[in-house]
Amino acid sequence: MAKAKTVFVCTECGYESGKWMGRCSGCGSWNTMVEQQAAAPAAPDRRGASMGRVPAAPVHIKDVTGEKVPHIPTGIAELDRVLGGGYIEGGVLLLGGEPGVGKSTLLLQACDSLSLSGKRVLYVSGEESVRQVSLRARRLGVAGEELFVLAETLVSAIRDSIEKIGPQVVVIDSIQTIYLDTITSAPGSVAQVRESAAYLMSLAKETGFYLIFVGHVTKEGAIAGPRVLEHMVDTVLYFEGERQSTLRVLRAVKNRFGSTNEIGIFEMQAGGMVAVEDASAYMLSSMTRGVAGVSVTCSVEGSRPMMCEVQALVTDTSYGNPRRMCQGVEFNRMVLMIAVLERRAGISLASRDVYMNAVGGMRMAEPSGDLAVIAALASAALDMPLLEDTVFIGEVGLSGEIRHVSQMERRIQECARLGFSTVVLPPTRGVKKEDFPQIRLLFAKDVSAALAATLRKGRKDGEQI
């Protein structure tokens, strides 16, 4: 009898090797290679290109005709925003997030909304019993008549239930608990996750239902299992949030049917996830005023302008090397702004600790917040508050110049709507003070000019500085 072939597979990225290694060659993780039996050949009816089917013939692209596939709303506005308007029939979504962030809660609310609109939904729970799911559903007020719950982990049993019920939407919570009985490895292994997902995805493409996978995340925050899973699905969403905060951010990192720049904002309450429609007002509801080291900027996430408060704290170091810590602001970007501040504005931070935070659990991903970071650092280093009700918008270059950013008019309008009196921005073509009489515009060419105008009494309205 032939000896069963085994391989060593990385539990972080899915990299396979014929021998054990202490460090994975694929992702560089240590002690993640586990021994598994090699996957058996695929069953004939498992994939879309199964035996017995007529193979597809190539066609010229100009001869392909078809109507535009519409997006079907889920009934949750923030989720629809991130998806690009809703879901697509036959599409596959992968939702990841840390334990306890609210993935199951959000999906159960979405399933309820879809069932109330007439869609038949199957919620497959591999981690909780039907009773546990029903208890959470009662707490959330879920009562959709077309919502079915199944506690199952075997793929063939899930397939039979799908064929019996005929749902339009299927949720698998989570993919790490599902397994194929034709594969000998344990549920959650790389082989099981990859093959189980491939089987269900081919079934979704053939049948036309929308498939949603819930994925666990690693300690680094990436979705656990093989990275090929992210390449196979149509949409990848991450649900982010701090345990100490009720704010939750739904962010798209891949979307074949929409933009990846949009984000959805929710607030965790006793009754479930509640959409935050006016994110700017929510972020600034408890804004710190008149304190050194605090500045405000306006970023644009997709089509949504959002205000963000930036806080900095500068103290004398107690160690040989000064500490640099930040949250919500990219670390390398903060270090870059510290260097610009020292070289171009003459404010030395070489022997001082620097701590920075974007309030509210937000993450500043675009460079339009550079000027706000500079202003907060300078204010904290000099212990001088900035002008109240002032917003800083602009990208900062290495020579200290302030550069133009996109959608400036929309940002200024958002600042005016929320009652801010002053906006510091770079000299921008197309933006004139006459177009915004309700707000004061300070056009700054470089960092020194911007700090000089806001760390003391400001200049005249719309004056070039």
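Read on for a plain summary of the structure. Here the structure is a predicted model, which means the values were calculated and not measured. In this convention, every chain numbers its residues from 1, walking through the sequence in written order. It should be noted that, the model being predicted, local features are given only for residues of pLDDT at least 70 and side-chain atom pairs only at 80 or more, the latter also being counted only at that level, while totals for whole chains, interfaces and linings use all residues. Excluded from the side-chain calculations are hydrogens and water; all other atoms, namely the structure's heavy atoms, are used.

## Some thoughts on the layout of surface pockets
The calculated volume of the largest pocket comes to roughly 580 Å³. If you trace the largest pocket, you find 27 residues lining it, with Glu-98, Glu-240, Gly-241, Glu-242 and Arg-363 closest to the centre. For the lining of the largest pocket, the secondary-structure elements that each account for two or more residues are β4 (92-97), β9 (235-240) and β10 (247-255). Top contributing element to the lining of the largest pocket by residue count: β10, with five residues. The residue inventory of the lining of the largest pocket, partitioned by class, reads 10 nonpolar, nine polar and eight charged. Buriedness of a pocket was judged along seven lines, with at least five required to meet protein on both sides within 12 Å; pockets are open sets of points on a 1 Å grid over the protein atoms alone, cavities are sets where a 1.4 Å probe fits but cannot get out, and lining residues have an atom within 4 Å of a point. Grid points are joined across faces, edges and corners, and a volume is the space filled by probe spheres set on the points. Its volume calculated, the second largest pocket comes out at about 320 Å³. Starting at the N terminus, helices and strands are each numbered in turn, a helix being any DSSP run of H or I of at least four residues and a strand any DSSP run of E of at least two. Residues are grouped as follows: Ala, Val, Leu, Ile, Met, Phe, Trp, Tyr, Cys and Pro are nonpolar; Asp, Glu, Lys and Arg are charged; every other residue, Gly included, is polar.

## Some remarks on empty space enclosed by the protein
Sizing a probe to match a water molecule and rolling it over the atoms shows the empty space that remains. Under the defined criterion, the tally for this structure stands at five cavities of 30 Å³ or more. The calculated volume of the largest cavity comes to roughly 140 Å³. When contributions to the lining of the largest cavity are tallied by element, the ones reaching two or more residues are β13 (294-301) and β17 (390-392). Element by element, the count of residues in the lining of the largest cavity is highest for β13, at three residues.

## Focus on the sheet that holds strand β2 (residues 16-17)
Any two strands with at least two DSSP-identified bridges between them are counted as paired. Read from one edge of the open sheet, three strands run β2-β1-β3, paired in antiparallel fashion. If you trace the sheet from one side to the other, it starts and ends with β2 and β3 (33-37), each paired once. Both strand β1 (residues 6-10) and β3 contribute to a ladder of five bridges, which runs antiparallel. Within β3, the position partnered with Val-9 by the bridge is Val-34.

## Examining the environment of Lys-119
Of note, Lys-119 is situated in the loop between α2 (103-116) and β5 (121-125). For the pair Lys-119 and Glu-145, spaced 26 residues apart in sequence, the C-alpha to C-alpha distance is 9.8 Å. We call two residues in contact whenever any of their non-hydrogen atoms come within 4.5 Å of each other. Once residues lying within four places of it in the same chain are set aside, the contact partners of Lys-119 are Ile-72, Tyr-87, Leu-114, Glu-146 and Gln-168.

## A word on the pairing of β1
Between buried and exposed lies partly exposed: a residue is buried under 20% and exposed over 50% of the maximum accessible area for its type, with that area taken using a 1.4 Å probe on protein chains only. The buried count for β1 comes to four of five residues, which makes it a mostly enclosed element. Bridge analysis of β1 against β2 gives two bridges, and the strand direction is antiparallel. When the sheet's bridge partners are listed, Phe-8 is paired in β2 with Ser-17. Two successive antiparallel strands, β1 and β2, enclose a turn made up of five residues, where Gly-14 displays a positive phi of approximately 90°.

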